[in-house]
Each structure stands twice: as structure tokens, then as C-alpha cells.
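Descriptive structure summary
Each chain, written out:
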Amino acid sequence: MFEKLRSAFGSLTKLATHTTISQKEADEILWDFELALIESDVAQEVIQSIVNEIKARLADAKIPRSEDRVNYLKNQLKEAIRSCFTKTQSIDLPALVRSKTTKDVRDEFSPFVILFLGINGVGKTTTVAKLAYLLKNKGDTVVLACGDTHRAGAIEQLTEHANRLKIKAIAQGYGSDPAAVAKDAQLYAQSHKVEVVLIDSAGRIQTSKNLMEEMEKIVRVVRPDFKIFVADSLSGNDALSQAKEFKSFTDFDASILTKADADTKGGAALSIAFVTQRPIIYLAVGQDYSDLIPFDVEKFVEQTLG
Ligand code: GDP
């Protein structure tokens, strides 16, 4: 994963191999670095921020003679990458679920409701099933809501996952109101004391305005505790514009990046976290239910800087 981003940052260590470096040489190396970030699918606004941050750090730098220059530079780069994520506090979703569902027993029971958002084909339905598997393994009870009532096969796909995972799926027919399906699932969970409701939703792009209105309606009707934007890490700047649009309509809480197993670039993670100011909580790394791994900023930083 993420080889391109790693080689982009690796190229910068050239800066450290010269004991003295002219401004012109430094600019050339930074220019190559910018190009490498573009090739890694990092968005322009993010590149500018990283490059400015590195320039500022190097301008102020007083490198102690004894300090290894390569290590010094690597640490500056690590800080520059971290700064894309730092404003996005990490979230432990299973712990968040637990904190609601184990509240004082005298309180009226209410399930933790999670709404999934994203465009068709990004891996949303598969991710709903993976999160259901993860939460079930942690001991939570889960119900799925088949909220994509548009895409042919979507209801059967999610129902099939529910059967395999031995959990319930709530569905109505195609063309029915997704907000009503979501509400049904919430009421079912409430009356059966099911702890978590995972709502799949539609993602047709041809009618973006209707889609956003549909998402807003689900949000109004069920008031989800948590909204997750799902993005395909292979889709580069498209993923970023989708993130911006969903963010402005639904103000989601976190993102999950899918298909990271096939992503050699790695730029989507940086761009989406930076632009949405929301944490990436998981990476989906394959087709199996267990292929959902927590996203860890430190691991990402180490992986990209080698
Ligand atoms: P949806 O339209 O967003 O609900 O997308 P689906 O869940 O139907 O997934 C679309 C395709 O992407 C399917 O073939 C999935 O098996 C595949 N897919 C989903 N997540 C991953 C992943 O993490 N890695 C890989 N390699 N494929 C995935």
C-alpha cells in the first residue's frame, strides 16, 4: 500500500544529503516533491499546505551539528504529515457505541444508529457488513437497514450479508422511502433492544441534488448518532469532491477508505482527512468481513516515511 506516497517523501531526503544547499537546489527538490505528491493523488490544496509547512520548518531550522540531518528532515516531514490529521481527533467507534448502549439502565434504551454515506461502487454495502461483523465480534447486537432502495440488487446484497452474519436486516421494496426503512430499523432495534443500527444508503450520482436531499431526510428522521462517509481510495480527486459535497450536506463524523489493499498511491487518506477535518477511522483492505482495520495516523506516517 501507498508506495507512491512513500517514494514522494523519500525523494525529499535528498535535501538532507547536502551539507550546504542553495535556494535554487532546494526549490528544485521541493518542486520534484510536489510533482510526486500530485502523482500520488494528493489534492493541490493539501500539497500547498504540506510544502509551506516544510518550507517554514526548514527556514527556522537550527540543526545541531551532531544531529543526523536525514533524521532531522524525516522528523520534520513526519510533523508535516501529522499536521494534515491532527485537527481530526481519532475516534474509537466501538467504544463510542459502548458508551451509549451501556448507559445507566434506568435510562430508556435507545440503539446507537450509524448512517453510511457514499457514491455507488465505492464499497459502502460491503463496509456496512464488515462493520457489522466487527461490532458483533465485540459482543454488540446489530441490525441492518437496507436504505439503498434504488440500486438494483442492493437490498438482496445486504440481506445476504445479514443472513451470513446471522443478524437481521430490515427492508422494504425498491422505490420505497429510505428514511422510512431507516426509521423501521431504529424502531425494531428499540423494541428488541438491539444495540446498533447500521443504515446503508443510496449513492446514485446522476441525481446528486436528490441524493443529498434524501440523505438530509434520513438524518432528520432518525437523527443518527454517527455518520460515516465511505470513499474509494482508488478514485483520487473524485473521492475528494464527493467528500466535500457529502460533508456540506450531512456534516459526517468520520470517513472509511475502501480498497486500500489495491491503493499504491495513498493520497486519498491525506486529502480527505485534511479537507474534511474529520478522522479516517478504518481502512477496508479486501473482500473478507475481517478486512477492516483501524486507521492509525502514526502507522500511516511510519509507512509513508519508511
Ligand atoms: P456500493 O455500491 O458502494 O455499496 O459497493 P459494494 O459494497 O457493492 O462494493 C463494490 C465492489 O467493491 C464489490 O465488488 C466489492 O467486493 C468491492 N470492494 C469493497 N470493499 C473492498 C475493499 O476493501 N477492497 C477490495 N479490493 N474490494 C472491495
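Everything numeric here is computed off the predicted structure, so don't read it as measured data. (Residues numbered from 1 in each chain as written. Predicted model: local features only at pLDDT ≥ 70, side-chain atom pairs only at ≥ 80, totals over all residues. Heavy atoms only, no water.)

**Focus: the overall build of the protein chain**
- Each helix and strand counted, the protein chain has 13 helices and eight strands in total.
- Expressed along its principal axes, the backbone C-alpha trace of the protein chain runs to roughly 70 × 45 × 30 Å.
- Looking at the 306 residues of the protein chain, the share that counts as buried comes to 50%.
- Sequence-distant contacts, at least 24 apart, represent 75% of the contacts inside the protein chain between residues at least 6 apart.
- Of the roughly 14,000 Å² of accessible surface on the protein chain, a fraction of 50% belongs to carbon and sulfur atoms.
- Computing the positive centroid from 39 side-chain charges and the negative centroid from 42, the protein chain places the two 3 Å apart. (Helix = DSSP H or I, 4+ residues; strand = E, 2+ residues; numbered from the N terminus. Buried < 20%, exposed > 50% of the residue type's maximum accessible area, 1.4 Å probe, protein only. Contact = heavy atoms within 4.5 Å. Areas by Shrake-Rupley, 256 points an atom, 1.4 Å probe, with all protein chains shown as cover. Lys, Arg positive; Asp, Glu negative; His and termini not counted. Charge placed at Lys NZ, Arg CZ, Asp CG, Glu CD.)

**A closer look at unusual backbone geometry**
- With a phi close to 45°, R223 is a non-glycine residue in the positive phi region.
- With respect to the element layout, R223 can be found in the loop between helix 10 (208-222) and strand 5 (226-232).
- We classify R223 as exposed; its relative accessible area is 67%.
- The phi dihedral of K259 is positive, around 60°, even though this residue is not glycine.
- By the secondary structure assignment, K259 is in the loop between strand 6 (254-258) and helix 12 (267-276).

**Details of the site of the ligand**
- In the region of the ligand, 17 residues are neighbours, and G121, K124, T125, T126 and Q287 sit closest.
- The contact in question runs from an oxygen atom of the ligand to an N or O atom on the backbone of G286, over 3.2 Å.
- Protein chains bury 79% of the 590 Å² of accessible surface belonging to the ligand in isolation.
- No other element matches helix 7 (residues 124-137), which puts four residues into the shell around the ligand.
- Looking at the shell around the ligand residue by residue, the classes come out as four nonpolar, eight polar and five charged. (Near = heavy atom within 4 Å. Polar contact = N/O pair within 3.5 Å; in protein donor to acceptor, adjacent residues only side chain to side chain. Nonpolar A, V, L, I, M, F, W, Y, C, P; charged D, E, K, R; others polar.)

**Some words on the side chain of S233**
- Position of S233 among the secondary structure elements: in the loop between strand 5 and helix 11 (236-250).
- One polar contact links the side chain of S233 to the main-chain carbonyl oxygen of T258, over a distance of 2.6 Å.

**Remarks on the sheet that holds strand 4 (residues 196-199)**
- With mixed pairing, eight strands are arranged side by side in an open sheet as 3-2-4-1-5-6-7-8. Two strands in the sheet have a free side with no partner beyond their single neighbour: strand 3 (168-170) and strand 8 (292-294). Across this sheet, the average inter-strand angle for adjacent strands is 25°, counted without regard to direction.
- Relative to strand 3, strand 2 (residues 142-145) runs parallel, the two sharing three bridges. Note on strand 3: the bridge partner recorded for V143 is K168.
- Each of strand 1 (112-117), strand 2, strand 4, strand 5, strand 6, strand 7 (280-284) and strand 8 touches helix 7; the most contacted strand, strand 1, lies at about 155° to it. (Pairing = 2+ DSSP bridges. Axes fitted to C-alpha atoms, helices over the stretch in contact; angles between N-to-C directions.)

**Brief notes about the pairing of strand 2**
- The alternating pattern of strand 2 places V142 and L144 on one face and V143 and A145 on the opposite face, and all of these are buried.
- Of the pairings in the sheet, the one linking strand 2 to strand 4 comprises four bridges and is parallel in character. Its bridge partner being in strand 4, L144 is matched across the sheet by L198.

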